[in-house]
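A closer look at the structure
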Amino acid sequence: MKTTYRILFILLIPVLFHSCSAPYAVATNVRLKDDWVITSTDIEGDLAGTQITAPIFEDATLQCLAGSKWSFYDGGGGAYTINTTDGTCLKGARKINWEVVALQKNTHFLQFFRFSAPKGILTDRFTLYIAQITSLSKKSMVLKYPVKFNEKTGNIVLTFTKQ
């Protein structure tokens, strides 16, 4: 009788481990690890043509993000720096932890959280920002960040160029 229970237990262990695993996988993409600059910002969907005045990533407006430098390091560390001299932008570096998550075979998302930023910017390890990577090559990357503004939905499209 004990042998039957052992066999049943051994057969159930892989099923239990598989059922408890995460519904996504973390992907390693070396092409992302480098220094990037946001070269253009665009708005699509129902929000196309709308001037979004709310901060993106609960941090900066689109005008402030344009030209910002993003660095993705090995081990999931990184930072982005806003250097715009516009008086409405809070200049300085924001340190982040990031990873690329594959929710489906060919759909990848960049997720990050801030853990250090200039005073007044939210730094919370439990607030994740997730953007779909729609294009990634050796020289450029395009992220789509879904937003809802004034009861309309759309995407903010951020185009990066590798430095």
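Quick look at the structure, then. What you see is a predicted model; the values in this text were computed from it and never measured.

The next subject is the nonpolar core. Counting 34 residues, the largest nonpolar core has Phe-57, Trp-70 and Phe-72 as its most contacted members. In terms of residue count, the dominant contributor to this core is strand S8 (residues 140-149) (five residues). Look past the residues within four positions of Phe-57 in its chain and what remains in contact with it is Leu-65, Trp-70, Phe-112, Arg-114, Tyr-129, Tyr-145 and Leu-158.

Before going further, it helps to examine the pattern of salt bridges. For the structure shown, the criterion picks out five salt bridges. Note that Lys-33 and Asp-74 form a salt bridge whose closest N and O atoms lie 3.3 Å from each other. Taken together, the residues span a long stretch of sequence, with Lys-33 in the loop between strand S1 (25-27) and strand S2 (35-45) and Asp-74 in the loop between strand S3 (69-72) and strand S4 (77-82) at a distance of 41 residues. Between Asp-59 and Arg-94 there is a salt bridge; the shortest N-O distance is 2.9 Å. Placement of Asp-59 in the loop between S2 and helix H2 (62-65) and of Arg-94 in strand S5 (residues 92-104) is noted, with a sequence separation of 35 residues between them. Exposure class is identical for Asp-59 and Arg-94. Each is buried.

A separate point is the state of the cysteines. The tally for this structure, following the rule as stated, stands at one disulfide. Bridging Cys-64 to Cys-89, the disulfide has an S-S length of 1.8 Å. Every disulfide takes its handedness from the sign of the S-S torsion; for Cys-64 and Cys-89 that torsion is -90 degrees, giving left-handed. Highlighted residues: Cys-64 in helix H2 and Cys-89 in the loop between S4 and S5, separated in sequence by 25 residues. Here Cys-89 falls in the buried class, since its relative accessible area comes to 10%.

About the thresholds
Residues numbered from 1 in each chain as written. Predicted model: local features only at pLDDT ≥ 70, side-chain atom pairs only at ≥ 80, totals over all residues. Heavy atoms only, no water. Core = buried A, V, L, I, M, F, W, Y, C linked by side-chain atoms within 4.5 Å. Buried < 20%, exposed > 50% of the residue type's maximum accessible area, 1.4 Å probe, protein only. Helix = DSSP H or I, 4+ residues; strand = E, 2+ residues; numbered from the N terminus. Contact = heavy atoms within 4.5 Å. Salt bridge = Lys/Arg side-chain N within 4 Å of Asp/Glu carboxyl O. Disulfide = S-S within 2.5 Å.

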